[in-house]
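Topology and contacts: notes
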Number of protein chains: 4
Amino acid sequence: MNPIINLNADLGESLGAWTMGDDAAMLGIVASANIACGYHAGDPLVMKRTVRTALASAVSLGAHPAYPDLQGFGRRRMEVTGEELAAMLIYQTGALMAIAQSEGGRVTHVKPHGALSNVACANLEVAHTIAQAVRRLDPTLILLAPAASCLAQAGAEAGLRVALEIFADRAYQDDGQLAPRRLPGAVIHDIDEAVAHVRRMLDAKAIVSLSGKRLPTRIDSICVHGDGKEAVRTARAVREALTAEGYRIAPLTDMDFA
Amino acid sequence: MNPIINLNADLGESLGAWTMGDDAAMLGIVASANIACGYHAGDPLVMKRTVRTALASAVSLGAHPAYPDLQGFGRRRMEVTGEELAAMLIYQTGALMAIAQSEGGRVTHVKPHGALSNVACANLEVAHTIAQAVRRLDPTLILLAPAASCLAQAGAEAGLRVALEIFADRAYQDDGQLAPRRLPGAVIHDIDEAVAHVRRMLDAKAIVSLSGKRLPTRIDSICVHGDGKEAVRTARAVREALTAEGYRIAPLTDMDFA
Amino acid sequence: MNPIINLNADLGESLGAWTMGDDAAMLGIVASANIACGYHAGDPLVMKRTVRTALASAVSLGAHPAYPDLQGFGRRRMEVTGEELAAMLIYQTGALMAIAQSEGGRVTHVKPHGALSNVACANLEVAHTIAQAVRRLDPTLILLAPAASCLAQAGAEAGLRVALEIFADRAYQDDGQLAPRRLPGAVIHDIDEAVAHVRRMLDAKAIVSLSGKRLPTRIDSICVHGDGKEAVRTARAVREALTAEGYRIAPLTDMDFA
Amino acid sequence: MNPIINLNADLGESLGAWTMGDDAAMLGIVASANIACGYHAGDPLVMKRTVRTALASAVSLGAHPAYPDLQGFGRRRMEVTGEELAAMLIYQTGALMAIAQSEGGRVTHVKPHGALSNVACANLEVAHTIAQAVRRLDPTLILLAPAASCLAQAGAEAGLRVALEIFADRAYQDDGQLAPRRLPGAVIHDIDEAVAHVRRMLDAKAIVSLSGKRLPTRIDSICVHGDGKEAVRTARAVREALTAEGYRIAPLTDMDFA
């Protein structure tokens, strides 16, 4: 039987009159969508249209909650108490759940965005806050988390199903964290290099860092990006490479995580 | 058997460091709460705390969606397309549903706020947009609407259960609409007068306008307000008068609407 | 001596991670920029960069205040009292004045945006509120207003210098108001047609409506748009046509308005 | 000749329908007002009314810029680049300058709010960003900064006039920073204790920490707070104690800072 893998992307990041990314193209490539919920991007109308198109493409729906920061696109760290962070996450996820429900669909996973994700990957207390909030809202929700992160650990400890992802276009440090964007080589722009990066990690069943260090991990999903022409082509190339190697690309809802 | 009636109030209208109204007092008086959802007031933490206290008081939970306008407290009319209005209403209601769910409760009614309510009471097209959005989200939700309004009519036509409310502290025009706040006598400040106003309408089974005109209607609920010391005392006096006359005060979820 | 005319465009309408229009291209075409002030678009960083580039291009700076509505891009009418509208306009204009000042420049005109402009063109009371607010802030500011509008009239009555503009890509009704966007022919997409439209009005020294009706008016400025490739080419074609006919394109600050 | 000292307070922190503090009372006590600029509190109408009342009370006007965070009242640290922080500060200060100008007044000082102030007191790089932004906007603006802070140092190095303030109701650590609010004794609630705290520091011409350590400093101003009945009474008691000791209370604009 063919191995199964998921491809996910951040979508629905337009806002009112402003457009971000090529969602239509990406929905033909990925199998699961992380949809902005209005805090870093997205508005109710963008959310509705993204949900509708994703459902028509048989792409599974995830909430992509963030710090409240349109101006900074959710990329700025913000000091928020655990109680407030949990409430913010539930608020955003619930908004998307209702929009999905009114379109005949269902939100089946949650993936934190930007600075919130970065903090949750390195800070176990914040990671636990997020995992507990997801569980309190709906324990059947899948937590989509970077492999080898505090967030993945906290999700497992909370008894959630956790999908482990790697990034096609981002390099890793030896501790398994993403290399910060400002460092040379942190973002992989070349399509062939991105495909090779993904292949290398899948073959090794491990995160492979810039220095070549391996951190063994299960890999359930590959995150690709959709802003910029090149990004869409990278995403497509990753999909084709996976298919060529015999992988079946499936939504998170079709997977086991074990 | 005693007649049954509902008392409702707008709650959870604080925001971050700012406090509005005396929610704790009001939750000891009313049986159903209309909870702000972050568009005109409220934030995720305020929503969570309001939900928690309401549940502890056996008060049923309603969403109180509004135009996106913190600065104007949702009291400014805004030109919004039907598609966007529906998406905004579902977004806000869903956010509260998730917070309620994570606290072990359920949102059981929806009541539009401020300018959005005023528009929906007089404009049948907007009223239909709201009623259809509620139905698409969850057809078991009760629509709490002013008696004799377009909103009530649209709710019935959409097949929703509609709870009809009158206002204890607001005078009516001959067409059944609220007299605008700027008119003398539009807002009833005297406690005894408010109680008499409610009694007169319940006895008449009708809205009774400033000029004495009667518009026969079923009355399921009485809306009381909670901002200001006097308002809380008025709300309490209305409750006591109803109890003295043999009414049982019940949450909307205990009622039939027929 | 060559006749003199101004070309203006709305610029600085990006927001955080979202880009709108091709400001760099437009700053090589127009002589005056209407810069978003954060209420419908723009943020402090976008404003600063737009001011800096405009100054480097010898383009004069104007504030482009709007209703507070990022989600709706300032295109939704909103019920705001005169006192609050005046305060909002002064707030936005002042924010841009300070940014200009810190970059060694000066804001020399004000032009309302979107729905606020539409209301001010047809409603004399709102127009007076705007003109008085501008005058109270700084009576040397130029008011850039559509020709034959209430706003132009109110500006003149307030003793402001008023620059009268026509739109290159918008058709007019017989009363001199813009034809609403939803009507066929309201927006002129063809480049040659837009150039002919401008020429016809300059030759006639009048607004020329869809039906051919003429409303005589002074014309000080032509508004061109910059969102979309075609728009930039239209703007450039208008500039070239004007230059070919012997006009000198100048910033509003070089003009007389009499 | 009598010694001269300033009393300042944070004012204009209401928002739309929400009220914060007793500004009217405080304007009869302090000589300089730090007015919220819409990022953590305040809106254009609140700003206008605060400016008008302050001018009528001969209280000098200062801008009180903050991180963009209404929900968190500007009390949450936020990761913002220096370039963006400078632009945000100029935006907010300019908005208030324009409102002051339209009311016949002038903004004469700047004092950062909440988390932004806390960061600027301990982080010299952020402090320099703020001081340089103030200087670039208007080098005659006074920077109101906590005594013994990085912000005060950066202001002096930028060539600004710097007014040094101490807090009547906050205890200090040995390094001169405010004791964090969560620590016991960090906030002084007792009126007599607050008055004694101020007197002790004025007599010692030094910050006096919780442990009794003294950090010699010039003291130009005393910051008092106005939210809560007790706070207003504390502010009044501080004023009366100063007057009784022969101090003349003056706006910052009457002072020398040397």
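Residues numbered from 1 in each chain as written. Chains lettered and ligands numbered in written order. Predicted model: local features only at pLDDT ≥ 70, side-chain atom pairs only at ≥ 80, totals over all residues. Heavy atoms only, no water.

Some details on the overall build of chain A
For chain A, the helix and strand inventory stands at 8 helices and 10 strands. A compact globule built from 258 residues would reach a C-alpha radius of gyration of about 18 Å, and chain A, at 17 Å, matches this within 12%. C-alpha atoms of chain A, sized along the principal axes, occupy 40 × 40 × 40 Å. In chain A, buried positions account for 64% of the 258 residues. (Helix = DSSP H or I, 4+ residues; strand = E, 2+ residues; numbered from the N terminus. Rg over C-alpha atoms; globule rule 2.2 N^0.38 Å. Buried < 20%, exposed > 50% of the residue type's maximum accessible area, 1.4 Å probe, protein only.)

Quick look at the interface of chain C and chain A
Contacts between the two partners involve 15 residues from chain C, matched on the other side by 15 residues from chain A. Summing both sides of the interface, chain C and chain A together bury roughly 1,100 Å²; the carbon and sulfur share of this comes to 74%. The largest contributions to the chain C side of the interface with chain A come from A17(C), W18(C) and Q71(C), which together make up 56% of the buried area. One can count 0 salt bridges joining chain C with chain A. Counting across the interface, chain C meets chain A through 2 residue pairs in polar contact (both at pLDDT 80 or more). Counted by class, the side of chain C that touches chain A contains 8 nonpolar, 5 polar and 2 charged residues. (Contact = heavy atoms within 4.5 Å. Buried area = accessible area lost by both parts, 1.4 Å probe. Salt bridge = Lys/Arg side-chain N within 4 Å of Asp/Glu carboxyl O. Polar contact = N/O pair within 3.5 Å; in protein donor to acceptor, adjacent residues only side chain to side chain. Nonpolar A, V, L, I, M, F, W, Y, C, P; charged D, E, K, R; others polar.)

As for a negative patch on the surface
A contiguous patch of negative charge on the surface is contributed by D190(A), D192(A), E193(A) and E230(A). By secondary structure assignment, the location of D190(A) is in the loop between β6 (161-167) and α7 (191-204). (Patch = residues over 30% accessible without salt bridge, like charges linked within 9 Å, V, L, I, M, F, W, Y side chains within 5 Å. Areas by Shrake-Rupley, 256 points an atom, 1.4 Å probe, with all protein chains shown as cover. Lys, Arg positive; Asp, Glu negative; His and termini not counted. Charge placed at Lys NZ, Arg CZ, Asp CG, Glu CD.)

Considering the interface of chain A and chain B
As a measure of interface size, the accessible area lost when the parts come together is often cited. Residue-level contacts link 24 residues of chain A with 24 residues of chain B. Regarding the contact of chain A and chain B, the summed buried area is about 2,200 Å², with carbon and sulfur atoms giving 60% of it. Of all residues in chain A, P44(A), E83(A) and Y91(A) bury the most surface against chain B, accounting for 29% of the area lost on that side. Applying the counting criterion to the chain A and chain B interface returns 6 salt bridges.

Let's talk about the relation of the copies chain A and chain B
Of the two same-sequence chains, chain A is brought onto chain B (RMSD 0.0 Å, axial shift 0.0 Å) by a rotation of 180°. As the rotation angle and translation indicate, the two copies are arranged about a two-fold axis. When C-alpha distances to the rotation axis are compared across chain A, the minimum falls at A95(A), with a value of 2.2 Å. (Least-squares fit on C-alpha atoms with pLDDT ≥ 70 in both.)

Digging into empty space enclosed by the protein
All names here are of chain D. Tallying each qualifying case throughout the model produces 4 cavities of 30 Å³ or more. By volume, the second largest cavity is sized at about 70 Å³. In terms of lining residues, the second largest cavity is bounded by D10, L11, G12, E13, M20, G21, D22, D23, G226 and D227. (1 Å grid on protein atoms, 1.4 Å probe; cavity = no way out; pocket = protein on both sides within 12 Å on 5 of 7 lines; lining within 4 Å. Points joined across faces, edges and corners; volume = space filled by probe spheres on them.)

Remarks on the relation of the copies chain C and chain A
By a simple turn and slide, chain C fits onto chain A: the slide is 0.0 Å along the axis, the RMSD is 0.0 Å, and the turn is 180°. When the interface residues of chain C are mapped onto chain A, 100% of them are again interface residues, pointing to one common binding face.

A short note on the state of the cysteines
All names here are of chain B. Considering all chains together, one arrives at 0 disulfides over all chains under this definition. No disulfide involves C150; its nearest neighbouring cysteine sulfur is the one of C121, lying 7.6 Å away. Residue classification places C150 among the buried positions, given a relative accessible area of 18%. (Disulfide = S-S within 2.5 Å.)

Remarks on unusual backbone geometry
With a phi close to 65°, A148(D) is a non-glycine residue in the positive phi region. Within the secondary structure, A148(D) is located in the loop between β5 (142-146) and α6 (150-157).

What to know about the pattern of salt bridges
Per the stated rule, a full pass over the model turns up 44 salt bridges over all chains. Among the salt bridges present, the one from R52(B) reaches E103(B), with a minimum N-O distance of 2.8 Å. On the criterion of sequence distance, the pair formed by R52(B) in helix α2 (residues 44-56) and E103(B) in the loop between α3 (82-102) and β4 (107-110) is long-range, its members being 51 residues apart. Members of the salt-bridge network, linked through shared partners, are D10(A), K111(A) and E165(A).

Examining helix α6 (residues 150-157) of chain A
Residues and elements named next belong to chain A. Listed in full, the buried residues belonging to α6 are C150, L151, A152, A154 and G155. Among the structural elements, α4 (114-122), α5 (124-137), β5 (142-146) and β6 are those in contact with the buried residues of α6. G159 sits one or two positions beyond α6 and adopts a positive phi of about 80°.

Structural notes on the pairing of strand β5 (residues 142-146) of chain C
Residue and element names in this part refer to chain C. Counting buried residues along β5, 5 of its 5 residues qualify, which places the element largely inside the surrounding structure. In the sheet, strand β4 (residues 107-110) pairs with β5 via 2 bridges, with the strands oriented parallel. Across the sheet, residue V110 finds its bridge partner in β5, namely L143. When β5 meets strand β6 (residues 161-167), the two strands line up parallel, connected through 5 bridges. The partner of L143 across the bridge, within β6, is V162. With respect to chirality, the unit in which β5 leads through helix α6 (residues 150-157) into the neighbouring parallel β6 is right-handed. (Pairing = 2+ DSSP bridges. Right-handed = clockwise from strand over helix to strand, strands pointing away.)

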